[in-house]
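Report on the structure
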Amino acid sequence: MPVGADMPQTCRIPASRPVTLRCLFVDFNSYFASVEQEDDPRLRGRPVGVVPVMAESTCCIAASIEAKAFGVSTGTPVYEAREKCPDIVLIQARPARYVEVHHQLMDAIGDCIPHDTPGSIDEVPCWLIGRERKRENAEAIARNIKRTFIDRGFEAIKCSIGIAPNQFLAKTASDMQKPDGLTVLELSDLPHKLHDLKLRDFCGIGPSMERRLWRAGIHTVEQLCSATREHLRAAWGSVEGDRYWLQLRGHHLPRRESPRASVGHSHVLGPELRTYAGARSVLFKLLAKAAMRLRNEEFLAGGLAIRMRFVGMDKRFERDLSFAPLDDTPTFLKLLGHELEALERALASGRWNPRRHPPLSVSVTLVNLEPRGSVTADLIPERRRSQEMSAVLDQVNKRYGNNALYFGAMQNAVSQHAAPMRIAFG
């Protein structure tokens, strides 16, 4: 029966016939921490935690291989990391350096085999063709990639490589032997080579999805692999269950393009900025960054979500705005300032005591995005001036560096180097 024949025409998923080996997936181990160990040989062999700011209230955004041996991982609070590993060395993140090294590593991979667009800063799929699909040839390419990194001076940066019939299985294979592993999954290895894994080891199965699988009677990977296509479709409640059924069997599925839903930034405030003025300044800086990204990706936003959390308080400051689609920074900042007036009034009336409950973190998110060309251009002269001003800001900052030119409301955050460049995990 043809793939998808048991599905309605509108839900059919085109899938290729399984090929023994199609994808080689490179996954860098403890990437941020490894870059720090690469740049500072004194850190090699030592437990390292990378943090967004040097504060006890933050958490690790990356941990070295040595730190992971003590149970420190992404999201571990600093105080907990110190308890688990008293000798851990905490390093403030340097996103620009991680991006720089990423491009150098991609160039090294590209000299061994053409690679696809990286899914994130620390992983990338490569597609095998012709004779490369023979196991011995694919493994030789993988070993050549690892050797090329060393030849180019990257001695502390290790990677695990998975080779399989599709990207889903190749990514899974890259996680099966860490650090510095090389794992091959052929069609003849399926599904028994997957049975020792846990449900959460698969991409796309998080805490919520795991609970849904449990409710569907699927508690192990062996049960997941033996489930019928209809069972998985019902468990997921969508065509995603069909995709999983096919991918577990080695089928290659076309990439799904999902439209961007939002653009936003968040920041945990350092101790020096845990005041109303500090939080306000950081919010303005985050929104200016988000607006610049919005224009760079040629979107307009029709909504803004503002969030502020406080130390020792469950209640948050939250505002959700809707407006006609726009993209200029002055208008966004004006809207933000207006909403923060409510917080100023709470401060003046004594309903919020910033000494007892100082601001802990802030975030802004631009939502309801639409492509710029789908909305009629604004005819109001004041709005056109704001758009022209935003364009000039973008040109100056792209040429001379972020925050070469900025609005005065951001001064406190800029002077404290708050909310620097970040790298999203997704």
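What you see is a predicted model, and the numbers here were worked out from it, not measured in a lab.

The next subject is the overall build of the protein chain. When helices and strands are tallied, the protein chain shows 14 helices and 11 strands. Going through the 426 residues of the protein chain one by one, you find that 48% of them count as buried. Put simply, of all contacts in the protein chain between residues at least 6 apart along the chain, 65% involve residues at least 24 apart. Entry remark: accessible area of the protein chain is about 21,400 Å², with carbon and sulfur atoms responsible for 51%.

Residue P179 follows K178 across a cis peptide bond; omega there is -5°. On the secondary structure map, P179 appears in the loop between α6 (167-174) and β7 (182-184). Geometrically, the link from L190 to P191 is a cis peptide bond, its omega value of -5° lying close to zero. Within the secondary structure, P191 sits in the loop between β7 and α7 (207-215). Positive phi values are uncommon outside glycine, yet D180 reaches one of about 60°. Residue placement: D180 occurs in the loop between α6 and β7. A relative accessible area of 38% places D180 in the partly exposed class.

A few words on the packing of helix α1 (residues 31-39) against helix α4 (residues 95-110). Contact pair α1 / α4: the axes reach a minimum separation of 10 Å and the direction vectors enclose 90°. Relative to α4, α1 is oriented roughly perpendicular. Counted together, Y31, F32, V35, E36 and D39 of α1 and R97, Y98, V101, H102 and L105 of α4 form the full contact between these two elements. Here the contact of α1 with α4 is composed, by residue class, of six nonpolar, one polar and three charged.

With 82% of its residues at a pLDDT of 70 or more, the protein chain shows a mean pLDDT of 86. Low confidence marks residues 1-10, where pLDDT is under 50. Its contacts with residues over four positions away, or in another chain, come to 17 contacts.

Another aspect to go through is α1. Counting buried residues along α1, eight of its nine residues qualify, which places the element largely inside the surrounding structure. Restricting attention to buried positions, one finds in α1 the residues Y31, F32, A33, S34, V35, E36, Q37 and E38. Tucked into the core, α1 has its buried residues touching β1 (23-28), β2 (48-51), β3 (62-63), α2 (65-68), β4 (89-92) and α4.

Attention now moves to the sheet that holds β3. Across the sheet, which stays open at both edges, the three strands sit in the order β3-β2-β4 with mixed pairing between neighbours. Each of the sheet's edge strands pairs with one partner strand only, and the pair in question is β3 and β4. Bridging between β2 and β3 involves two bridges; their strand directions are antiparallel. Each residue of the ladder has a partner; that of G49, found in β3, is A63. With respect to the sheet, α1 is in contact with β2, β3 and β4, its orientation differing from that of β2 by roughly 115°.

What follows deals with the sheet that holds strand β6 (residues 159-164). Taken in spatial order, the four strands line up as β5-β1-β6-β7 in an open sheet, and their pairing is mixed. This sheet does not close on itself; its edge strands, each paired only once, are β5 (123-127) and β7. Taken over all neighbouring pairs, the strand axes of this sheet differ in orientation by 15° on average, direction set aside. As paired elements, β1 and β5 share five bridges and run antiparallel to each other. Across the sheet, the residue bridging to F25 is P125, located in β5. This element, α6, spans β1, β5, β6 and β7 of the sheet and lies at about 145° to β6.

Moving on to the pairing of strand β9 (residues 299-310). Most of β9 is tucked away, with 11 of its 12 residues classed as buried. The pairing of β9 with strand β11 (residues 359-371) spans 11 bridges and is classified as antiparallel. Directly across from A305, in β11, lies its bridge partner T365. Pairing geometry for β9 and strand β10 (residues 317-326), over seven bridges, is antiparallel. Bridge pairing in β10 places L304 opposite L321. Once β9 ends, the chain turns through six residues before running back antiparallel as β10, passing G312 with a positive phi of about 75°.

Another aspect to go through is the pattern of salt bridges. Scanning the entire structure with this criterion turns up 25 salt bridges. Residue R135 is joined to E139 by a salt bridge in which the shortest nitrogen-to-oxygen separation is 3.2 Å. One end of the pair, R135, and the other, E139, are both in helix α5 (residues 135-151), four residues apart, so they sit about a helical turn from each other. Among the salt bridges present, the one from R243 reaches E240, with a minimum N-O distance of 3.9 Å. Of this pair, R243 and E240 both sit in helix α10 (residues 240-248), three residues apart, which is roughly one turn of the helix. Residue E240 is classed as buried on the basis of its relative accessible area, which comes to 17%. When salt bridges with common partners are traced through the structure, they connect E36, D39, R94, R97 and E100 into a single cluster.

The rules behind these values
Residues numbered from 1 in each chain as written. Predicted model: local features only at pLDDT ≥ 70, side-chain atom pairs only at ≥ 80, totals over all residues. Heavy atoms only, no water. Helix = DSSP H or I, 4+ residues; strand = E, 2+ residues; numbered from the N terminus. Buried < 20%, exposed > 50% of the residue type's maximum accessible area, 1.4 Å probe, protein only. Contact = heavy atoms within 4.5 Å. Areas by Shrake-Rupley, 256 points an atom, 1.4 Å probe, with all protein chains shown as cover. Axes fitted to C-alpha atoms, helices over the stretch in contact; angles between N-to-C directions. Parallel < 35°, antiparallel > 145°, perpendicular 65-115°, else oblique. Nonpolar A, V, L, I, M, F, W, Y, C, P; charged D, E, K, R; others polar. pLDDT = per-residue confidence, 0-100. Pairing = 2+ DSSP bridges. Salt bridge = Lys/Arg side-chain N within 4 Å of Asp/Glu carboxyl O.

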